[in-house]
Amino acid sequence: MSTPPVFPSTPDAAAAHRGRASGLLAALLLTVMAPVAMAQDADPAWKFSGDLRGGYFASEHTARDGSESDTDALQARLRVALQRGFGDHWTFRTRAAGRFSSEQDDMNVYLRGYAPTDGGTRFGDITLDEAYLGYAAPDNGYKLRIGRFQTGFSLAGVASKGLDRVDSPNVDVTWTDGVHLEVPVANGWRGHAIAQYRDRHTVARNPLDFSSSDSRTSVFLGLENNQPLGPITQRMVSLSWLPSSLANQGGTESPRQDYLSIDARVSASWPLRDDGLRLATGLEVGYAPNTPRGSVVGTGQTGDSDGLAWQMSVNLHDIAPGHSVGLVHGRVDAGWLMSPDFRPNDTLTELAYQWRFNPDTSLEARFREREEIEIPSSAQRARVDRDIYVRVTHRF
């Protein structure tokens, strides 16, 4: 096993990273926040909020032929939102989001219906990741959002991750365009119905493809309960349907099939000491019944690829006030194409630490290893990736 990635070895290298980071971040702050200040001066009814996340990220890659490579950079994400309520329980909200890296080449500002990569925007991109009209009924009744918004259904934990629907994890910038209806059901259960529109140029996990006009609108249905039931703190089942979006045989001329995924997650928590220390565990399992062929996703399997995915999480919260650690381990078959946190055909093990200074500011660090599951017979070995980060998140 090779050594984990390390920090830049010389002061000059580190100083160069910091210099590029400072200049680009200053430009990003000016570009995004100037319109916010103008809007607040013009009408104080607009409410301003946002968050800034940044830190040091390094990775090390071992390819199938045994060759090795590594990268490191300072990275950041800035999101600035304006929100205004009007009428009875209506809200309009918009947010600009930018990604930044000491290794980026330039800056781009745009507004379009798709992101340029399957992980969202590129470093140096600034766009709107929220622009929606929302309604919230009184007494925690039904809720409605129409436009561009964020969705996220993750397994609770220090290193919170999801198998099916998580927008903008880590320092990524992604979004959902469509309609989200949330309704109370009974006994703490709430239903979610999301109709999402995807532009024909949308990039997704291969071989998902949205060039067909029949694939543009997908559906997510979920049933969620976050009210405690004994030690159980989280329960959810969900279904995603992406019609005519799976190029099962690969290529632009491949016939398209529907892609369906089913997911369930549960978490529980137990106090260990009177001073707040508690143990929290969780399990999430997903299954895709219709999957691409192994030859299309590069596993070397004959016939269709497997479609099972699962993750488990073990966490110790408040070991000391504000300090928590968590361990996540998961396995995702090549036919599971839904998660931004887990690559298809990988096992993942991640150790995470969090120090929450106050409700608005925290420091997180992680070490993660990912390894291929199925490889073709021509490959010398499985691909392995190891990465670390140390980042700070502040909300304002």
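Right above here is the structure, for reference.
Residues numbered from 1 in each chain as written. Predicted model: local features only at pLDDT ≥ 70, side-chain atom pairs only at ≥ 80, totals over all residues. Heavy atoms only, no water.

Caption draft 1: Quick look at the packing of aromatic side chains. Overall, the coordinates contain eight aromatic pairs when judged by the stated rule. Ring plane angle 35 degrees and centroid distance 5.6 Å describe the contact between Tyr135 and Tyr142, whose orientation is recorded as tilted. By relative accessible area, which is 18% here, Tyr135 ends up buried. Between Trp355 and Phe357 the ring centres are 4.4 Å apart and the planes differ by 75 degrees, which places this aromatic pair in the edge-to-face class. Judged by relative accessible area, Trp355 falls into the partly exposed class, the value being 35%. A cation sits over an aromatic face here: Arg99 above Phe123, 3.9 Å from the ring centre. Stacked on the ring of Tyr132, the Lys or Arg Arg145 has its end atom at 5.6 Å from the ring centre. (Phe/Tyr/Trp six-rings, centres within 6.5 Å; stacked < 30°, edge-to-face > 60°. Buried < 20%, exposed > 50% of the residue type's maximum accessible area, 1.4 Å probe, protein only. Lys NZ or Arg CZ within 6 Å of the ring centre and 35° of its normal.)

Caption draft 2: Molecular detail of the pattern of salt bridges. Evaluation of the coordinates by the stated rule reveals 27 salt bridges. With a shortest N-O distance of 3.8 Å, Arg95 and Glu130 are connected by a salt bridge. Remark: Glu130 occurs in strand S5 (residues 125-136) and Arg95 occurs in strand S3 (residues 90-101); sequence separation between them is 35 residues. A salt bridge links Arg383 to Asp346; the nearest nitrogen and oxygen atoms lie 3.2 Å apart. Here Arg383, found in the loop between strand S16 (361-372) and strand S17 (384-395), pairs with Asp346, found in strand S15 (residues 346-358); they are 37 residues apart in sequence, far enough to count as distant. Salt bridges sharing common partners tie together Arg64, Arg343, Asp346, Glu372, Arg383 and Asp385. (Salt bridge = Lys/Arg side-chain N within 4 Å of Asp/Glu carboxyl O. Helix = DSSP H or I, 4+ residues; strand = E, 2+ residues; numbered from the N terminus.)

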